[in-house]
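Remarks on the overall topology
As a plain string of letters, each chain reads:
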Amino acid sequence: GLGLRWKPLRRHDMTLWAERLVPLGEGSLSDFMLRGIYSWTRGTGVLPERRSCGYSLLQGDAARFLSGRTTALYGEARQGVTFHVRDGLLLTPHLVLDGRREWAPAGETWWGEAGAGLSLKLLFRDTPYEARLVISEMVRLVKEWDPNFFGKVGPGPIASDDVPEM
């Protein structure tokens, strides 16, 4: 796609953008998208004076496809511990909870999952407080939410008569 991105807050990881999606292959979208992402992390950086530290991540993503009249929301939370195995090698076991909700003319869909993950980061050419090049891998073992957890759940369309009354 082609577009403009803006990071309005210097001290926060928030980005807003408008983008023209250009279809390049089968299944690609031709649309205009407005999007905003915010994330907050703790314990993801290099801390040479500590062998371990708490790790937390909160992330939210909202997008609106204008021509398709579709809105999508995504959220993720992680909590764990980062271990400094040796210089430049970080290992982070964590718990994860994430979900997505989408409103489209064809209907609403959503899914969610919870489980555990393991992140391995190998840092290159770093200073004591800044990683210049990172190779990162993550393994996740997750379970989709039980179909009876909130009544009718995804993935799949949610009809208005399937939503439980409060």
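Numbers given to residues run from 1 along each chain, matching the order in which its sequence is written. The predicted nature of this model means local features are confined to residues of pLDDT at least 70 and side-chain atom pairs, given and counted, to a pLDDT of 80 or more, with totals for whole chains, interfaces and linings taken over all residues. Derived side-chain values reflect all non-hydrogen atoms in the structure, with water molecules and hydrogen atoms excluded from consideration.

1. Observations regarding the environment of Arg140
Here Arg140 is to be found in strand S8 (residues 133-144). Here the alpha-carbon distance between Arg140 and Leu118, two residues 22 residues apart in the chain, equals 6.5 Å. The contact partners of Arg140, leaving out residues within four places of it in the chain, are Glu76, Val96, Asp98, Glu113, Ala116 and Gly117. The helix count covers DSSP runs of H or I at least four residues long, the strand count covers runs of E at least two residues long, and both are numbered beginning at the N terminus. In what follows, residue pairs with any heavy atoms lying within 4.5 Å of each other are defined as contacts.

2. Side note on the nonpolar core
Residues Trp17, Leu21, Met33, Ile37, Ala63 and Phe65 constitute the largest nonpolar core, which totals 6 residues. Ignoring sequence-local partners within four residues, the contact set of Ile37 consists of Asp13, Met14, Thr15, Trp17, Gln59, Gly60 and Asp61. To form a nonpolar core, buried Ala, Val, Leu, Ile, Met, Phe, Trp, Tyr and Cys residues must be joined to one another through side-chain atoms within 4.5 Å. When a residue's accessible area, from a 1.4 Å probe over protein chains only, is under 20% of the maximum for its type it is buried; when over 50% it is exposed; and in between it is partly exposed.

3. A word on the confidence of the model for the protein chain
Should pLDDT be low for a region, the predicted coordinates there are not to be read in detail. The pLDDT value expresses, per residue, how confident the predictor is, ranging between 0 and 100. Averaged over every residue, the pLDDT of the protein chain is 80; the share at 70 or more is 73%. Considering only residues more than four positions removed or in separate chains, one finds that residues 151-166, a stretch of pLDDT under 50, has 22 contacts.

4. Regarding the packing of aromatic side chains
Two aromatic rings are characterised by how far apart their centres lie and by the angle between their planes. Each Phe, Tyr or Trp ring, with Trp reduced to its six-membered ring, pairs with another whose centre is within 6.5 Å; inter-plane angles below 30 degrees give stacked pairs, above 60 give edge-to-face pairs, and intermediate values give tilted ones. Enumeration over the complete set of coordinates arrives at 1 aromatic pair. Between Tyr74 and Trp111, the ring centres sit 6.3 Å apart and the planes meet at 55°, which makes this aromatic pair tilted. Taken as a pair, Tyr74 in strand S5 (residues 70-86) and Trp111 in strand S7 (residues 107-124) lie far apart in primary sequence, 37 residues in all. Two conditions define a charge sitting above a ring: the NZ of Lys or the CZ of Arg must be within 6 Å of the ring centre, and it must be within 35 degrees of the ring normal. Stacked on the ring of Trp17, the Lys or Arg Arg5 has its end atom at 4.3 Å from the ring centre. Directly above the ring of Phe32 sits Arg20, whose terminal nitrogen or CZ lies 4.8 Å from the centroid.

5. Focus on the pairing of strand S3 (residues 31-42)
Here is the key point about a regular strand: its side chains alternate between the two faces of the sheet. Two strands pair when backbone bridges link them, and strand S2 (residues 13-21) and S3 are joined in this way by 9 bridges, in the antiparallel orientation. Across the sheet, residue Glu19 finds its bridge partner in S3, namely Met33. At least two DSSP bridges between two strands are required for those strands to pair. Taken together, the 10 bridges between S3 and strand S4 (residues 52-65) define a ladder with antiparallel strand orientation. Across the sheet, Arg35 pairs through a bridge with Ala63, a residue of S4.

6. Brief notes about a nonpolar patch on the surface
Like charges are joined within 9 Å and nonpolar side chains (Val, Leu, Ile, Met, Phe, Trp, Tyr) within 5 Å, but only among residues with over 30% relative accessible area and no salt bridge; these make up the patches. Residue-level accessible areas treat just the shown protein chains as cover; the underlying method is Shrake-Rupley with a 1.4 Å probe. By definition here, a salt bridge exists when the distance from a side-chain nitrogen of Lys or Arg to a carboxyl oxygen of Asp or Glu is within 4 Å. A surface patch of nonpolar side chains, amounting to about 350 Å² of accessible area, comprises Leu2, Val22 and Leu24. Tracing the backbone through its elements, the reader meets Leu24 in the loop between S2 and S3.

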